[in-house]
Amino acid sequence: MGDCVQQFYEKLKESTALKDYKIAANADTRKVMRLTGEVDTWQQVVDIGHLAGKSGVKGVINDLKVKGVEAVSKDRSGDIEAAKALGAIDSADIVIIGAGVSGSGIARTLAKYDKKIIVVEKASDVSEGTSKANNGMIHSGYDSKAGSLKALLNVKGNAMYTQWQEELHFKMNRCGSFVVGFDASDDAYIEEYYELGKKNGVPGIAILSGDEARAIDPALSHEVVKALWTPSAAYVEPYEVVEALMENAIDNGVKLMLNTEVVGFEKDGGKLSGVITDKGIIEAGCVINAAGLYADEIAEKAGDRFYTIHPRRGTLVILDKKLSKKANKCFIGTPPKNFTKGGGPTQTPEGNPLWGPSAIEVPCKDDLSVDEEDVRFVMEKGKHLTEGVTEKDIITYFSGCRAANYIEDFIIEASEVLDNFIHVAGIQSPGLASSPAIAERVEGIYCKLHPEAVQREDYNPIRPEHKAFRDCTLEEKEALIAENPLYGHVICRCETITEAEIVNAIHGKIPATTVDAVKRRTRAGMGRCQGGFCGPRVVEIIARELGTLPQAVTKCGEGSEILTEASREGEEA
């Protein structure tokens, strides 16, 4: 216990930039270190947290403050009292908090057991957090620290994606990826990745010459002289994976509660007996914390916080589909810095080049802003790796936050202080790639806690295949229109999305009740004009189908209303 604190202070003393700050470090018997004190910048908070994370600890609770910045915490006591007044609204053997790729994958995997499962999600749709805002890369596993949980689950999860794709019918392109070098100075990090990839068991990993790499993908810059090649890398539309997982989970009896925020817990001895939400209390046999960026806050509410999640923002740039032949593989250039894999040009399964991400530490978990510097960084790096692309090809950009902890590894384990609580935290990159293996690992933990669990005979892992109108043959399109004339009304011209597809999404297994949800289900608004043409029609259709006013339609849930008032005389306000 004292050794890790001593190690931390030695590391702090060695740091010229940080040694003069008065930092208090204390560790408990589990080697969980808590940091308190005051520094000048948020980056210093993060840097000191990482020093603690390298001091032989189990976890780091970073409570350092920035001078002049007041920490804002929301008082939920009123919500808790209101929920208790409502009493129990439901009960479940398993309550999963969070409907991202981890929570949805776990729900689908555990649905094979004869247990009642409820997934609670505070957002208005699944995949509203980190899961929707990444580049969709199914990493091969060459860069995770050997022996780490990330390395183990990345390589295993990558291989498991083939079965997921076959059963769930989402789009996936197993195209491979390059890490490239431009001169002899880059040899060292390419060799390092190669050796690490071999240790981690990455299949087919090889070092190629620049010409050999360009024979695989001619879009690679002619300045590249060497490349690390990993053929197992793939990419998906991450929100499509989450949708597929949750729809299949629902088909197998899982209940999804959207717009439902966890505000506390009820306890009975060493167990959680109830999940207190802003809708009421859900009695729970087991609670699985897959809350992404907010996993540490859920752990705190449960009474077992031993880590801090610090958001690491990444910006991504989407380019026009006309450049679909540019960068068919993932190109990664300079060595990763600041705990990022480096980023670079990739391509979505729909054909849009997708460049990035960047990596910037930010204090706010909901900071999804995009700075000019972010876009410039992404574009300069992309243009260095491929050729023939300019800023004029950008159609949009966005940011997401990674759920990083100071150990920089996944936390997937049963609680040491609660008998029925499972942590699934710190799931940042390569979390998407690892998600099948993460779900399998949680299944093992749950079954160890509940040896009485038996598998259902009627479990069905297959999600029915659905073919988008834009992908149909002319004969198939005519048949759909004959069956439902709304297929003949093209709402989104850029992506050829019909009114029938939008209506189907609104009334689907996971109802798409917001503009962003409709966009993720159908691609309406994802084209070159970014909803400039179809956006107003999508709002009208949502309002009509939900029986509400257009002013009530939101972009992504309460507080993001698109219209403020009626714009024509005679319309209802």
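What you are looking at is a predicted structure, and each value in this text was computed from that prediction instead of being measured.

Observations concerning the overall build of the protein
Along its length, the protein carries 15 helices and 26 strands. Taken over C-alpha atoms, the radius of gyration comes to 24 Å for the protein, in line with the 25 Å a tight globule of 573 residues would show. Counting only C-alpha atoms and orienting by the principal axes, one finds that the protein spans roughly 75 × 70 × 55 Å. For the protein, the proportion of its 573 residues judged to be buried stands at 55%.

Concerning the sheet that holds strand β12 (residues 234-236)
One open sheet accounts for 3 strands, arranged β7-β12-β8; its pairing is antiparallel. Each edge of the sheet is formed by a strand with only one pairing partner; in this case those strands are β7 (137-138) and β8 (172-173). Relative to β12, β8 is paired through 2 bridges, and the arrangement is antiparallel. Looking at β12, one finds that N173 is bridged to Y235.

Observations concerning unusual backbone geometry
Omega for the peptide link from G356 to P357 comes to 5°, which places this bond in the cis form. Each neighbour pair has its own omega, and for S429 with P430 the value is 10°, a cis peptide bond. Backbone geometry places R523, a non-glycine residue, at a positive phi of 80°. Residue placement: R523 occurs in the loop between α14 (515-522) and α15 (535-546). Backbone geometry places Q530, a non-glycine residue, at a positive phi of 55°. With relative accessibility at 28%, the residue Q530 sits in the partly exposed group.

What about the side chain of R214?
Relative to the assigned elements, R214 resides in helix α7 (residues 210-216). The class of R214 is buried, set by a relative accessible area of 13%. Reaching out from R214, the side chain makes a polar contact with the side chain of D211 at a distance of 3.1 Å. Residue contacts for R214: discarding those within four places in its chain leaves L220, S221, H222, E223 and V224.

Observations regarding the packing of aromatic side chains
This model, assessed by the stated rule, comprises 9 aromatic pairs. Pairing F8 with Y9 gives two aromatic rings, centres 5.4 Å apart and planes at 50°, and the pair type is tilted. Here Y9 falls in the partly exposed class, since its relative accessible area comes to 32%. If you follow K58 out to its NZ or CZ, it ends over the ring of F306, 4.7 Å from the centre.

Examining the packing of helix α13 (residues 499-506) against α15
The contact between α13 and α15 brings their axes to 10 Å, and the two run at 45°. Between α13 and α15, the interaxial angle falls into the category oblique. Pair α13 / α15 crosses with right-handed handedness. Within the contact between the two elements, α13 uses E499, I502, V503 and I506 and α15 uses R537, V538, I541, I542, R544, E545 and L546. Grouping the amino acids of the contact of α13 with α15 by side-chain chemistry returns 7 nonpolar, no polar and 4 charged.

Re the pairing of strand β9 (residues 177-181)
Along β9, 5 of the 5 residues are buried, which leaves the element largely enclosed by surrounding structure. Burial of the side chains of β9 extends over both faces: S177, V179 and G181 are buried on one face and F178 and V180 on the other. Relative to strand β11 (residues 226-230), β9 is paired through 5 bridges, and the arrangement is antiparallel. Looking at the pairing, G181 lines up with K226 of β11.

Considering helix α9 (residues 295-302)
In an α-helix, one turn spans 3.6 residues, which is why side chains three or four residues apart end up on the same side. All buried positions along α9 are accounted for by A295, D296, I298, A299 and A302. Looking down the long axis of α9, one finds its buried residues gathered within 160° of arc, a one-sided arrangement. Where α9 is buried, its residues touch β5 (88-97), β14 (262-268), β15 (271-277), β16 (280-289) and β24 (421-425).

Side note on the nonpolar core
Ranked by size, the top nonpolar core spans 49 residues in total, and within it I96, I288, I412 and V424 carry the most contacts. When residues in this core are grouped by element, the largest group, 8 residues, is from helix α11 (residues 431-449). What I412 contacts, discounting residues up to four positions off in sequence, is L149, L153, H423, V424, I427, I438, R441, V442 and I445.

Section: the pairing of strand β3 (residues 59-62)
A two-sided burial pattern is seen for β3, the buried positions comprising G59 and I61 on one face and V60 and N62 on the other. In this structure, strand β2 (residues 32-39) lies alongside β3, joined through 4 bridges in parallel fashion. Residue pairing for β3: L35 is matched across the bridge by N62. Handedness of the crossover joining β2 and β3 through helix α2 (residues 42-53): right-handed.

Side note on the pattern of salt bridges
Taken as a whole and assessed by the stated rule, the structure comprises 52 salt bridges. The salt bridge partner of D304 is R30, with a shortest N-O separation of 3.2 Å. Here the residue D304 occupies a position in the loop between α9 and β17 (310-319), and R30 occupies one in the loop between β1 (23-27) and β2, the gap between them amounting to 274 residues. Between K365 and D296 there is a salt bridge; the shortest N-O distance is 2.8 Å.

Here we look at the environment of K365
Turning to its location among the elements, K365 is positioned in the loop between β21 (360-361) and α10 (372-385). Looking at K365, the relative accessible area reads 13%, which means it is buried. If we ignore the near neighbours within four places in the chain, the residues touching K365 are L293, Y294, D296, E297, I309, P311 and C401. Engagement of the side chain of K365 in a polar contact is seen with the side chain of E297, the distance being 2.9 Å.

Considerations on the environment of A83
Relative to the helices and strands, A83 resides in helix α3 (residues 77-86). Distance in space between the C-alpha atoms of A83 and T308 is 27 Å, their sequence separation being 225 residues. Excluding residues within four positions of it along the chain, A83 makes contact with I276, T277, G280 and I281.

Focus: the environment of F265
Relative to the helices and strands, F265 resides in strand β14. Residues F265 and G303 lie 38 residues apart in sequence; the distance between their C-alpha atoms is 9.2 Å. Once you skip the residues sitting within four places of it in the chain, F265 turns out to touch I97, L272, G274, V275, I276, V287, I298, K301 and A302.

Conventions used here
Residues numbered from 1 in each chain as written. Predicted model: local features only at pLDDT ≥ 70, side-chain atom pairs only at ≥ 80, totals over all residues. Heavy atoms only, no water. Helix = DSSP H or I, 4+ residues; strand = E, 2+ residues; numbered from the N terminus. Rg over C-alpha atoms; globule rule 2.2 N^0.38 Å. Buried < 20%, exposed > 50% of the residue type's maximum accessible area, 1.4 Å probe, protein only. Pairing = 2+ DSSP bridges. Polar contact = N/O pair within 3.5 Å; in protein donor to acceptor, adjacent residues only side chain to side chain. Contact = heavy atoms within 4.5 Å. Phe/Tyr/Trp six-rings, centres within 6.5 Å; stacked < 30°, edge-to-face > 60°. Lys NZ or Arg CZ within 6 Å of the ring centre and 35° of its normal. Axes fitted to C-alpha atoms, helices over the stretch in contact; angles between N-to-C directions. Parallel < 35°, antiparallel > 145°, perpendicular 65-115°, else oblique. Left-handed = near helix turned anticlockwise from the far one by under 90°. Nonpolar A, V, L, I, M, F, W, Y, C, P; charged D, E, K, R; others polar. Arc of directions from axis to C-beta. Core = buried A, V, L, I, M, F, W, Y, C linked by side-chain atoms within 4.5 Å. Right-handed = clockwise from strand over helix to strand, strands pointing away. Salt bridge = Lys/Arg side-chain N within 4 Å of Asp/Glu carboxyl O.

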